[in-house]
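So you can see what is in the structure, the chains are spelled out below.
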Amino acid sequence: MFAASNPDLFVAQVTIGGLALVALWRFIVWIRDAPRTPDPWDAEFEQKIQDPALPETCHHCSTPQPPGAWFCSHCGNAVGPYNNLMPYLHVFSEGEVLRNGVTGRFQNRWLIATGFFLMTLGVYPLFAPVYLLLLLSHLKRSHRNAAASGDEPLP
Ligand SMILES: [Zn+2]
């Protein structure tokens, strides 16, 4: 990595490495010092959702799920507690996330769109060009619909 043949190149590499470390440290400090937001609900609701007798529900359609369910019987989304850790089942969770990117069930923010972009390139690079075209088409449509309805597009 460090080429000693050219001293200017070595100094540039050390400088870039130092700047990257400073940027990483500033990012860690920014996360650490970020203000903590309070829960949006009161103590009574917090107690209700922490009740172990309360059945788990689907995060997509709120249908109660039986214990040990891996997929919602109503909408088919992955709902199991360890789906993202199982080698076979996590493919369905990834598919659900990527499907949400082109069907509009997410908040249209640049950070989320960047996440879809990076996830596609990292997980399914062969299909990335097609997916990215669909994602960009959806983002354009979403901005157009927000502008037509008078809503402010999210940053
Ligand atoms: Zn469901």
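Residues numbered from 1 in each chain as written. Predicted model: local features only at pLDDT ≥ 70, side-chain atom pairs only at ≥ 80, totals over all residues. Heavy atoms only, no water.

Undergrad: Talk me through helix α5 (residues 128–149); I want residue IDs and the actual numbers.
TA: The end-to-end C-alpha distance of α5, which contains 22 residues, comes to 31 Å, matching closely the 32 Å that a straight helix rising 1.5 Å per residue would cover. When we look at burial in α5, the residues that qualify are Ala128, Tyr131, Leu132, Leu135, His138, Leu139 and Ala146. Along the axis of α5, the buried positions cluster into a sector of 125 degrees, meaning they face one direction only. In α5, those exposed residues whose orientation departs by more than 90 degrees from the buried face are Pro129, Val130, Leu133, Leu136, Lys140, Arg144, Ala147 and Ala148. On its buried face, α5 is in contact with α3 (90–103) and α4 (110–123). (Helix = DSSP H or I, 4+ residues; strand = E, 2+ residues; numbered from the N terminus. Expected span 1.5 Å × (residues − 1). Buried < 20%, exposed > 50% of the residue type's maximum accessible area, 1.4 Å probe, protein only. Arc of directions from axis to C-beta. Contact = heavy atoms within 4.5 Å.)

Undergrad: Account for α4, naming residues and giving values.
TA: Taking 1.5 Å per residue as the helical rise, α4 with its 14 residues ought to reach 20 Å, and the 20 Å between its terminal C-alpha atoms agrees with that figure. Buried within α4 we find Ala113, Phe116 and Thr120. Axial view of α4: buried residues confined to an arc of 55 degrees, hence all on one face. In this structure, α4 carries Trp110, Leu111, Leu118 and Gly122 as exposed residues pointing more than 90 degrees from its buried face. Tucked into the core, α4 has its buried residues touching α3 and α5.

Undergrad: Account for the domain arrangement of the protein chain, naming residues and giving values.
TA: When cut into domains, the protein chain gives domain 1 (1–36), domain 2 (42–79) and domain 3 (82–155). Computed over C-alpha atoms only, the centres of domain 2 and domain 3 are separated by 24 Å. Domain 2 puts seven residues into the contact, and the matching count from domain 3 is eight residues. Between domain 2 and domain 3 the total buried area reaches about 590 Å² when both faces are included, carbon and sulfur atoms providing 55% of it. Contact with domain 3 buries surface across domain 2, with Trp70, Phe71 and Ala78 losing the most and accounting together for 65% of the total. Linking domain 2 with domain 3 are zero salt bridges. (Domains from an automatic or database assignment. Buried area = accessible area lost by both parts, 1.4 Å probe. Salt bridge = Lys/Arg side-chain N within 4 Å of Asp/Glu carboxyl O.)

Undergrad: Talk me through the coordination of the zinc ion; I want residue IDs and the actual numbers.
TA: Note on the zinc ion: its protein donors are Cys58 (SG), Cys61 (SG), Cys72 (SG) and Cys75 (SG). The metal-donor distances range over 2.2 to 2.4 Å. Bound by four donor atoms, the zinc ion shows angles of 101 to 119 degrees at the metal and therefore tetrahedral coordination geometry. Sequence spacing among the residues donating to the zinc ion works out to C-x2-C-x10-C-x2-C. A relative accessible area of 5% means that Cys72 is categorised as buried. (Donors = N, O, S within 2.8 Å, 3.2 Å for Na, K, Ca; no water. Tetrahedral: all angles 85-135°; square planar, octahedral: opposite > 155°, others 65-115°.)

Undergrad: I'd like to hear about the pattern of salt bridges, residue by residue, with values.
TA: Per the counting criterion, the structure on display carries two salt bridges. A salt bridge links Arg32 to Asp33; its shortest N-O distance comes to 3.3 Å. Residue Arg32 is classed as exposed on the basis of its relative accessible area, which comes to 53%. Among the residues examined, Asp33 registers a relative accessible area of 51% and is labelled exposed. The partner of Lys48 in a salt bridge is Glu44, with the nearest N and O atoms 3.7 Å apart. Here Lys48 and its partner Glu44 are both found in helix α2 (residues 43–49), four residues apart, which amounts to about one turn of the helix.

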